[in-house]
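The residues making up each chain are set out below.
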Amino acid sequence: ECAHRFPVPLYGNEGQKQDKFILTSQPEQLKCIVTLTGDSISHADISFKVLRQMHSICRTSINQDGPWKLQQIQDAANHLQQAIGYIDNVDKHYVFRSSEEVLHIIQCLLGSLQRARTALVLPKKKTIDELMKSRNMKALSPNLPEDLAISFYIQSHKLIFVAYQLSSVHGTMRIDSCQADCAVPWLSDVLFMLTAALHMCQQLKDKVRY
């Protein structure tokens, strides 16, 4: 059931689900209209105020020729596929010879499910240098000036957009940022089911052990 909620091809579902979201910050410092297709942002219209220049607004976009990849979604799907594989690899007529055999499979399941959940809940932190050099930044049209960068990532049930601005203050590099987010309904479903699956596996593990 969890696999069927993912917007990517996984365990028989076709994937490629498409959603449209509007992300804004208060006051109107940035605005982003995004189309989320599968594990990528296939289209986005982005605008945000440049702090160092009063009334200056930076505009850029993402289009289908160079979508912005959200690797967290694919990573979570891969870990879930691995968990399903552990179950599918056990023949339905197989008779377990010991509790250790059962516990080994449950432990593998727990590991894969936890990694799937972690991929969505805890995004990997990137330095500003890594963001600026990322392949995704090349998806922007027009390209941003060298002192500006943006980032999209998943955190729990939300899609988050951040705009970064670099400046030098008395020889020290300063990074200002502003962000906006929006809830993604299918992420809430996926996280709920992953948590339920983890709880179920843990209960089964405790029963086998004792």
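See the structure printed just above.
Read on for a plain summary of the structure. Just so you know, the residues in each chain are numbered from 1, in the order the chain's sequence is written. Restriction of local features to residues with pLDDT of at least 70 applies here, the model being predicted, together with a cutoff of 80 or more for giving and counting side-chain atom pairs; totals for whole chains, interfaces and linings are based on all residues. In computing side-chain properties, one takes all heavy atoms of the structure into account and sets aside hydrogens as well as water.

### Focus: the nonpolar core
Nonpolar cores were defined as sets of buried Ala, Val, Leu, Ile, Met, Phe, Trp, Tyr and Cys residues, with membership established by side-chain atoms within 4.5 Å. Burial classification: accessible surface area is computed with a 1.4 Å probe over protein chains only, and a residue below 20% of its type maximum counts as buried, one above 50% as exposed, and the rest as partly exposed. Formed by 63 residues in total, the largest nonpolar core has its most connected members in F6, I46, I150 and F152. Secondary structure counts use DSSP, requiring at least four H or I residues in a row for a helix and at least two E residues in a row for a strand, with both numbered from the N terminus. The greatest single-element share of this core, amounting to eight residues, is contributed by helix α5 (residues 185-209).

### Focus on unusual backbone geometry
Note the cis peptide between S141 and P142, where omega equals 0 degrees. Turning to its location among the elements, P142 is positioned in the loop between β6 (140-141) and β7 (148-155). One non-glycine residue, S156, lies in positive phi territory at about 60 degrees.

### A short note on the pairing of strand β3 (residues 40-49)
Burial of β3 is extensive: seven of the 10 residues sit out of reach of the surface. Two elements, β3 and strand β5 (residues 68-69), share two bridges in a ladder whose sense is antiparallel. From the neighbouring strand, I41 faces β5, where its bridge partner is W68. DSSP-based pairing: two strands are paired if at least 2 bridges between them are found. Bridge analysis of β3 against strand β4 (residues 57-62) gives six bridges, and the strand direction is antiparallel. Counterpart to A44 in the pairing with β4 is I62.

### Re the environment of C182
Residue placement: C182 occurs in strand β9 (residues 172-183). C-alpha separation for the pair C182 and A83, spaced 99 residues apart in sequence, amounts to 29 Å. Setting aside anything within four residues of it in sequence, one finds C182 in contact with F21, I22, L23, H157, K158 and L159. Residue contacts are defined here by distance: any two heavy atoms, one from each residue, within 4.5 Å place the two residues in contact.

### Points about helix α2 (residues 71-88)
Multiplying 1.5 Å by the residue count of a helix minus one yields the expected span of that helix. Here α2 spans 25 Å end to end across 18 residues, near enough to the 26 Å set by a 1.5 Å rise per residue. Listed as buried for α2 are Q72, I73, A76, A77, L80, A83, I84 and G85.

### Concerning the packing of α2 against helix α3 (residues 99-121)
When two helices pack together, their arrangement is given by the angle between their axes and by how far apart the axes lie. Where α2 contacts α3, the two axes come as close as 8 Å, and the packing angle between them is 165 degrees. Comparing their axes, α3 and α2 come out roughly antiparallel. Considering the relative orientation of α2 and α3, their crossing is left-handed. Residues Q72, I73, D75, A76, H79, L80, Q82, A83, Y86 and I87 of α2 form the contact with α3, whose own contacting residues are C108, L109, S112, L113, R115, A116, A119 and L120. Here the contact of α2 with α3 is built from residues that sort into 12 nonpolar, four polar and two charged. What counts as an axis is a line fitted to C-alpha atoms, over the stretch in contact for a helix, and the angles between N-to-C directions run from 0 to 180 degrees. Should an angle lie under 35 degrees it is considered roughly parallel, over 145 roughly antiparallel, and from 65 to 115 roughly perpendicular; all remaining angles are considered oblique. For any pair of crossing helices, the crossing counts as left-handed if the nearer helix is rotated counterclockwise from the farther one by less than a right angle, and right-handed if it is rotated clockwise. Each residue is assigned to one class: nonpolar for Ala, Val, Leu, Ile, Met, Phe, Trp, Tyr, Cys and Pro, charged for Asp, Glu, Lys and Arg, and polar for all the others, Gly among them.

### Some words on the packing of aromatic side chains
Centre-to-centre distance and the angle between the planes together describe a pair of aromatic rings. Aromatic contacts are taken between Phe, Tyr and Trp rings whose centres are within 6.5 Å, Trp giving its six-membered ring; a plane angle under 30 degrees counts as stacked, one over 60 as edge-to-face, and the others as tilted. For the structure on display, the rule yields four aromatic pairs. An angle of 50 degrees between the planes, with centres 5.8 Å apart, marks the rings of F6 and W186 as tilted. With a gap of 180 residues between them, F6 in the loop between α1 (2-5) and β1 (18-24) and W186 in helix α5 connect regions that are remote in the sequence. Ring geometry for W68 versus F152: centroids 5.3 Å apart, planes at 75 degrees, classification edge-to-face. Here the residue W68 occupies a position in strand β5, and F152 occupies one in strand β7, the gap between them amounting to 84 residues. Overall, the relative accessible area of 3% leaves W68 in the buried class. Taken together through their ring pairs, the aromatic side chains of W68, F152 and F161 make up a single cluster.

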